[in-house]
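The primary structure of each chain is shown beneath.
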Amino acid sequence: MLGHSRLGSPWLGSPWLGCVVLHAYLLLTCSLANASENVRVATFNCSMNRNEAGQLLSDLQNGSNRQLQKVASVIRRVRPDVVLLNEFDFDAAMDAIRLFQTHYLDVQPSEDVGFLRGDPLRYPHVLSLPVNTGVPSGRDFDHDGKTDGPADAIGFGRFPGQYGMVILSKFPIDRTGIRTFKDLKWNAMPEAVLPIDPATSRPWYSVEDLQHLSLSSKSHWDVPISFPGRTIHVLASHPTPPAFDGPEDRNGRRNHDEIRLWADYVSDKDWIVDDAGLSGGLSNDAPFIILGDLNADPVDGDTHNHAIDLLLKHSRVQPEPTPTSSGAIYAAENQGERNRSHRGPHAHDTADFGDRSVGNLRVDYVLPSRDLRIVASGVFWPRPDEPDFDLIDCSDHRLVWIDLQLD
């Protein structure tokens, strides 16, 4: 489940065999000498999206929602210092984030609070910004003869802010240095893989469509965070899944180019323009961590032209060690169906999309630049015979983390 123990590990305080507890304790004791030098960074598609605006805020009110208790418990067990939460519905007043912190993360567990586990966890620094999901475009992007459906929004969504993003951090965020790319248009990318309508051999999107269609289905954020001893750029995003379209592959192609945006950004390509009008990408000496549910498996699934290879094979990106879990192996082997045909290692999977649909895939990533040192990594995916297995049904994704040693 977790490949490295630290203070607040998921093993601690869990009922389990004595030998496992002792083993975990010894691992923890051995790591304490270096704990002050290590930081844990994670990404988690937490499925805190709802189908109606305001519903998440309602669910958060009294701290008793079981799905949200499980989400919080996963975070409290792993205890990342910085975590990106995908699919956390946006609200401009940030009331939902405040309630999630006060009613779920930073509260003592007790016998009458259901699934809430682990020690309280506090994040003094929070970032939530507008996203493209659910923002009306006035265009018929999906060619169904209407202009007001969720697929006609700038990014798929039933209301503005659905499937938003949140960064929680124990370290200060340099808000003056944040760059966002929510409004960058898809056709601004050189050699973009824009879809073609196979029925007509003409572009799927008209010239007028492309004047409204951003590249980012949610947003792309460059967030400088003041880690101990150095500033690291957290590059956060959540590209659209390469599915729910037709033979034109409009979502698969957009997913590809959303991933390519980060590859071009860390290559400091000059075509990129942020929402404030500043051109260019990230300087070649700036450390970074690419975080998010990127909806792209290296070998399985329906991604366009192996999109994730743009990052995994990039000269500035550190692709290994790949985070793993024993629970992913167990799930794939016991579910069977589509998983039997997968070529990628089951241990690398980070999401369970159902064995009769696409199966389990690796789609969630924490990818640091090569100048950062990874000392441990893992995926929170316990087997049924391990502690906290009953938490993972809070989302179809699993939390992915890495530990970095900062000199």
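None of these values were measured; they are calculated from a predicted model.

Our next topic: the overall build of the protein chain. Of the regular secondary structure elements, the protein chain holds eight helices and 15 strands. Radius of gyration (C-alpha) of the protein chain: 21 Å, near the 22 Å computed for a compact globule of 407 residues. Considered along the principal axes of its C-alpha atoms, the protein chain spans approximately 65 × 45 × 45 Å. For the protein chain, with 407 residues in total, the buried portion stands at 57%. Sequence-distant contacts, at least 24 apart, represent 73% of the contacts inside the protein chain between residues at least 6 apart. Of the accessible surface of the protein chain, which amounts to about 16600 Å², a share of 51% is contributed by carbon and sulfur atoms. Across the protein chain, the 38 positively charged side chains and the 56 negatively charged ones have centroids separated by 2 Å.

If you look at the biggest cluster of nonpolar residues, it comprises 64 residues, and the most contacted ones within it are Ile75, Leu85, Phe88, Phe100, Ile167 and Phe227. Residues in contact with isoleucine 75, not counting those within four places in the same chain, are Phe44, Pro80, Leu85, Phe100, Leu105, Leu121, Tyr123 and Leu399. Listed in part, the 32 residues of the second largest apolar core include Leu184, Trp186, Tyr265 and Trp271.

Viewed as axis vectors pointing N to C, helix α3 (residues 66-78) and helix α4 (residues 95-105) meet at an angle of 80 degrees, and their least axial separation amounts to 10 Å. In terms of orientation, α3 and α4 fall into the roughly perpendicular class. Contact with α3, carried on its side by Leu68, Gln69, Val71, Ala72, Ile75 and Arg76, involves Phe100, Tyr104 and Leu105 of α4 and no other residues of that element. Grouping the constituent residues of the contact of α3 with α4 by class yields seven nonpolar, one polar and one charged.

Quick look at the pattern of salt bridges now. One pass over the structure, following the stated rule, counts 18 salt bridges. Of the charged contacts in the structure, one is a salt bridge between aspartate 390 and arginine 117, with a shortest N-O distance of 2.6 Å. With aspartate 390 in the loop between β14 (373-379) and β15 (400-405) and arginine 117 in the loop between α4 and β3 (125-128), this residue pair connects regions lying 273 residues apart in the sequence. Looking at aspartate 390, the relative accessible area reads 29%, which means it is partly exposed.

What follows covers the confidence of the model for the protein chain. On average, residues of the protein chain score 91 in pLDDT, and 90% of them are at 70 or above. Here residues 1-36 scores under 50 on pLDDT; set against residues more than four positions off or in separate chains, the count is 61 contacts.

Bringing the sheet that holds strand β9 (residues 230-237) into the picture now. Read across the sheet, five strands follow the order β5-β8-β9-β10-β13 without closing on themselves; strand pairing throughout is mixed. Only two strands of the sheet have a single partner each, and these edge strands are β5 (179-180) and β13 (364-368). Relative to strand β10 (residues 288-293), β9 is paired through four bridges, and the arrangement is parallel. Residue pairing in the sheet places alanine 236 in a bridge with leucine 291 of β10.

Here the focus is helix α6 (residues 250-265). For α6, which comprises 16 residues, the first-to-last C-alpha distance of 22 Å matches the rise-based estimate of 22 Å (1.5 Å per residue) to within 8%. Taking burial as the measure, the 16 residues of α6 include 15 buried ones, the bulk of the element.

By the burial criterion, the buried members of α4 are Ala96, Ile97, Leu99, Phe100, Gln101, Tyr104 and Leu105. Residues of α4 that are buried sit in contact with β1 (38-48), α2 (55-59), α3, β2 (82-88), β3 and β4 (165-169).

Reading the values: the criteria
Residues numbered from 1 in each chain as written. Predicted model: local features only at pLDDT ≥ 70, side-chain atom pairs only at ≥ 80, totals over all residues. Heavy atoms only, no water. Helix = DSSP H or I, 4+ residues; strand = E, 2+ residues; numbered from the N terminus. Rg over C-alpha atoms; globule rule 2.2 N^0.38 Å. Buried < 20%, exposed > 50% of the residue type's maximum accessible area, 1.4 Å probe, protein only. Contact = heavy atoms within 4.5 Å. Areas by Shrake-Rupley, 256 points an atom, 1.4 Å probe, with all protein chains shown as cover. Lys, Arg positive; Asp, Glu negative; His and termini not counted. Charge placed at Lys NZ, Arg CZ, Asp CG, Glu CD. Core = buried A, V, L, I, M, F, W, Y, C linked by side-chain atoms within 4.5 Å. Axes fitted to C-alpha atoms, helices over the stretch in contact; angles between N-to-C directions. Parallel < 35°, antiparallel > 145°, perpendicular 65-115°, else oblique. Nonpolar A, V, L, I, M, F, W, Y, C, P; charged D, E, K, R; others polar. Salt bridge = Lys/Arg side-chain N within 4 Å of Asp/Glu carboxyl O. pLDDT = per-residue confidence, 0-100. Pairing = 2+ DSSP bridges. Expected span 1.5 Å × (residues − 1).

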